[in-house]
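Working through the structure, step by step
Residues per chain are reported as follows:
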Amino acid sequence: MNPSVPAACAELLTELRASSRRTQAEVARLAGTSQPAVARYESGAAVPSWPTLTRLVAAHGQLLVVGVTPAVDPHDTALVEQLLAMSPSDRLATLARFARLQDVAEVDT
C-alpha cells in the first residue's frame, strides 16, 4: 500500500469531521462502525475499506467521488522551468530552433 494512503484518509476524515462538527461517536453511529475504529482511521493507524470509507464520508453528508489525473512527468516540469527562466526573446529563439529541427525531421521521414 502506498504510504500516503493512510495519511490521505486520515486527513480527509478529520477535515470532514471538523467541518460537520460531529463527534467521533456520532460519525461511528451514522457510518455503522465503532468510535475506536473512527479514531484509528483519523489517526492514520488504520485504513478503512472502500465501503467503510464511503459510509464515513456519507455520515458527514458528503459523497465520495474518485477521479484520475495524469501524472506530471518530471522531465516536462524541468523543461517548463527552463523556458520560464528565459527571457521572451530567448524563448522565441529556442522555439525557432525547435521548429527548424521539426522541419529537418519531416524531410528525413
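A brief report on the enclosed structure follows. Worth saying up front: this structure is predicted, and the values here are computed from it rather than measured.

**Focus on unusual backbone geometry**
- The phi angle at R21 is positive, at roughly 60°, despite the residue not being glycine.
- Topologically, R21 is positioned in the loop between α1 (4-20) and α2 (24-31).
- For R21, a relative accessible area of 76% corresponds to the exposed category.

**Structural notes on the pattern of salt bridges**
- Evaluation of the coordinates by the stated rule reveals 1 salt bridge.
- For R17, the salt bridge is made with E42, and the minimal N-O distance between the two is 2.6 Å. Highlighted residues: R17 in helix α1 and E42 in helix α3 (residues 35-43), separated in sequence by 25 residues.
- For R17, a relative accessible area of 22% puts it in the partly exposed group.
- For E42, a relative accessible area of 12% translates into the label buried.

How each quantity is defined
Residues numbered from 1 in each chain as written. Predicted model: local features only at pLDDT ≥ 70, side-chain atom pairs only at ≥ 80, totals over all residues. Heavy atoms only, no water. Helix = DSSP H or I, 4+ residues; strand = E, 2+ residues; numbered from the N terminus. Buried < 20%, exposed > 50% of the residue type's maximum accessible area, 1.4 Å probe, protein only. Salt bridge = Lys/Arg side-chain N within 4 Å of Asp/Glu carboxyl O.

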